[in-house]
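Breakdown of the fold
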Amino acid sequence: MESQMILQAFGISDIMTSRIGLGLAALGRPGYINLGHGKDLERNYSEGAMERRTHELLSAAYSAGIRYFDAAQSYGKAELFLSNWLTNQHPEQTTVGSKWGYYYTANWKVEADKHEIKDHTLPRLKQQWPESRQRLNPYLKIYQIHSATFESGVLENNEVLEALEKIKAEGYTIGLSLSGVQQADVFAKALSIVVNEERLFGAVQVTYNLLEKSAEKQMKKAHDAGVGVIVKEALANGRLTSRNPKASYLPPLQRMALYHEVGEDALALAFLLAKPFVDIILSGATTVEQLQSNLESQEVDFSPKELYALEKLEIPKEDYWQDRGQLPWN
């Protein structure tokens with residue numbers, strides 16, 4: 001899977017990275033909400049097996065030209081797995097982004113009362129930031145609030161915002177990830193935050209795909225302002241693939257994928273690659289085969305008619321997030 005992606009600037013930062021990145025949400029812990037996740041892992045949940053799988057994906061991604069890797073403290077042992085791979089491989093031109101504000105609570109089990117707990121307090125930031133920095137430097141360049149919401153109050157917590165500004169002053173890009181029906185409104189609020197006469201956030205990670213485009217207006221605005229835009233859940237946790245056979249929106253996607261001789265996943269990612277306001281699109285692949293299929297998105301060239309048809313697949317954001325909330329951990 002040798003190839004070379006053209007590196008490009010991430011927002012107005014001095015970070016140069018690939019257009020496609022690899023997210024580790026499904027690789028650092030036994031349980032996740034992607035459809036078919038347990039089958040992908042072959043039900044082999046031992047720490048050693050999962051670290052070997054993660055390293056295999058990281059190496060395949062790097063060989064394919066991917067230079068951005070995304071982790072978080074709540075992704076089980078994702079930071080540790082990534083750290084060990086970075087230490088062994090010493091990859092060049094590589095950027096890592098991680099997140100704080102959730103902590104992992106599933107105790108390496110697929111079924112748990114709580115898999116992760118949100119905690120957007122200053123003590124949690126002071127605990128998690130040094131841990132992430134120690135594991136991931138010098139590759140760690142983007143540090144994000146994990147799933148910022150109005151309810152957590154993190155965007156109004158001056159102590160947290162000032163602490164993040166101090167991290168920014170050390171040369172890191174500060175960002176936030178977004179989820180939920182209100183993600184566009186939270187996004188707009190975040191873009192308005194100024195600390196020490198400078199905009200705090202230089203990166204944002206948004207749920208954006210063929211079904212959920214509610215934050216598109218803010219994404220364009222952020223990109224125009226020099227904020228780096230990262231897309232997560234590009235395949236809607238597997239709902240935009242044949243693993244979701246009853247979905248009414250799949251047949252037109254499947255017909256178009258057949259015409260282009262790629263999988264539905266590649267077609268969905270290609271749609272995002274066609275968006276000039278998107279800097280990085282995360283692959284959530286769990287197997288090398290899935291990653292190879294995802295990367296075929298780079299070969300797809302849409303007609304205006306096809307792009308118009310794909311735009312029409314969007315569903316109401318309330319329906320999207322309700323369906324997501326019902327996905328089982330597996």
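The structure displayed is predicted, hence computed values, not measured ones.

Points about the pairing of strand β3 (residues 20-23)
Of the two faces of β3, both are covered, the one formed by I20 and L22 as well as the one formed by G21 and G23. In this structure, β3 lies alongside strand β14 (residues 280-283), joined through three bridges in parallel fashion. Bridging from a neighbouring strand, G21 pairs with L282 of β14. Looking at chain direction, β3 and strand β4 (residues 68-70) are connected through two bridges and run parallel. Following the sheet pairing, L22 is matched in β4 by F69.

Section: the pattern of salt bridges
When charged atoms on two side chains of opposite charge get close, those side chains can pair. Counted by the stated rule, this structure contains 15 salt bridges. The closest approach of N and O atoms between R53 and E42, which form a salt bridge, is 3.5 Å. Of the two residues, R53 sits in helix α2 (residues 47-63) while E42 sits in the loop between α1 (37-40) and α2, which places them 11 residues apart along the sequence. A salt bridge links R133 to E170; the shortest N-O distance between them is 3.4 Å. Taken together, the positions of R133 in helix α4 (residues 122-136) and E170 in the loop between α5 (158-169) and β9 (173-177) put the pair 37 residues apart, joining distant regions of the chain. Connected through shared salt-bridge partners, K213, E216, K220, K275 and E311 make up one network.

Topic: the pairing of β9
Burial analysis of β9 places five of its five residues in the buried class, the great majority of the element. Of the two faces of β9, the one holding T173, G175 and S177 and the one holding I174 and L176 are both buried throughout. Across four bridges, the pairing between strand β8 (residues 140-145) and β9 is parallel. The residue of β9 that forms the bridge with Y143 is I174. Handedness of the crossover is the feature at issue here: the chain leaves β8, passes through α5, returns alongside β9, and the resulting connection is right-handed. Direction of pairing for β9 relative to strand β12 (residues 203-207): parallel, over a ladder of three bridges. Looking at β12, one finds that G175 is bridged to A203.

Regarding the sheet that holds β14
Pairing between the strands of a sheet is mediated by backbone hydrogen bonds and can be parallel or antiparallel. The strand order around the closed barrel formed by eight strands is β3-β4-β5-β8-β9-β12-β13-β14, and the pairing between neighbours is parallel. Pairwise comparison of adjacent strand axes, ignoring direction, gives a mean angle of 30 degrees for this sheet.

Quick word on the nonpolar core
One broad trend across soluble globular proteins is that nonpolar side chains are buried collectively. L82, L125 and M219 are the most contacted members of the largest nonpolar core, which totals 100 residues. Ranked by the residues each element gives to this core, the list is headed by helix α9 (residues 264-273), at eight residues.

Examining the environment of F271
Residue placement: F271 occurs in helix α9. The class for F271 is buried, based on a relative accessible area of 1%. Sequence separation between F271 and D323 is 52 residues, and the spatial gap between their C-alpha atoms is 22 Å. Residues in contact with F271, not counting those within four places in the same chain, are L210, K213, F302, L307, L310 and E311.

Points about the packing of helix α6 (residues 183-191) against helix α7 (residues 216-224)
The N-to-C vectors of α6 and α7 enclose an angle of 25 degrees; their axes lie 9 Å apart at closest approach. For the element pair α6 / α7, the angle class is roughly parallel. When you trace α6 past α7, the crossing you get is left-handed. Along its contact with α6, which presents A184, F187, A188 and L191, the element α7 presents Q218, M219 and A222. Looking at the contact of α6 with α7 residue by residue, the classes come out as six nonpolar, one polar and no charged.

What about the packing of aromatic side chains?
Under the criterion given, the structure shown has eight aromatic pairs. Geometrically, the ring pair formed by Y62 and W85 is edge-to-face, given 6.2 Å between the ring centres and 70 degrees between the ring planes. With Y62 in helix α2 and W85 in helix α3 (residues 78-89), this pair connects stretches of sequence that are 23 residues apart. Owing to a relative accessible area of 3%, W85 belongs among the buried residues under this scheme. Taking 5.5 Å as the distance between ring centres and 70 degrees as the angle between the ring planes, the aromatic pair formed by F69 and W85 counts as edge-to-face. Placement of the pair is F69 in strand β4 and W85 in helix α3, with a sequence separation of 16 residues. For the pair shown, F69 and W85 are each scored as buried. A network of ring pairs unites the aromatic residues Y62, F69 and W85 as a single cluster. Across from the ring centre of Y62, 3.6 Å away, lies the NZ or CZ of R67, which sits over that ring. The ring centre of Y320 lies 4.2 Å from the NZ or CZ of R239, which sits over that ring.

Reading the values: the criteria
- Residues numbered from 1 in each chain as written.
- Predicted model: local features only at pLDDT ≥ 70, side-chain atom pairs only at ≥ 80, totals over all residues.
- Heavy atoms only, no water.
- Buried < 20%, exposed > 50% of the residue type's maximum accessible area, 1.4 Å probe, protein only.
- Helix = DSSP H or I, 4+ residues; strand = E, 2+ residues; numbered from the N terminus.
- Pairing = 2+ DSSP bridges.
- Salt bridge = Lys/Arg side-chain N within 4 Å of Asp/Glu carboxyl O.
- Right-handed = clockwise from strand over helix to strand, strands pointing away.
- Axes fitted to C-alpha atoms, helices over the stretch in contact; angles between N-to-C directions.
- Core = buried A, V, L, I, M, F, W, Y, C linked by side-chain atoms within 4.5 Å.
- Contact = heavy atoms within 4.5 Å.
- Parallel < 35°, antiparallel > 145°, perpendicular 65-115°, else oblique.
- Left-handed = near helix turned anticlockwise from the far one by under 90°.
- Nonpolar A, V, L, I, M, F, W, Y, C, P; charged D, E, K, R; others polar.
- Phe/Tyr/Trp six-rings, centres within 6.5 Å; stacked < 30°, edge-to-face > 60°.
- Lys NZ or Arg CZ within 6 Å of the ring centre and 35° of its normal.

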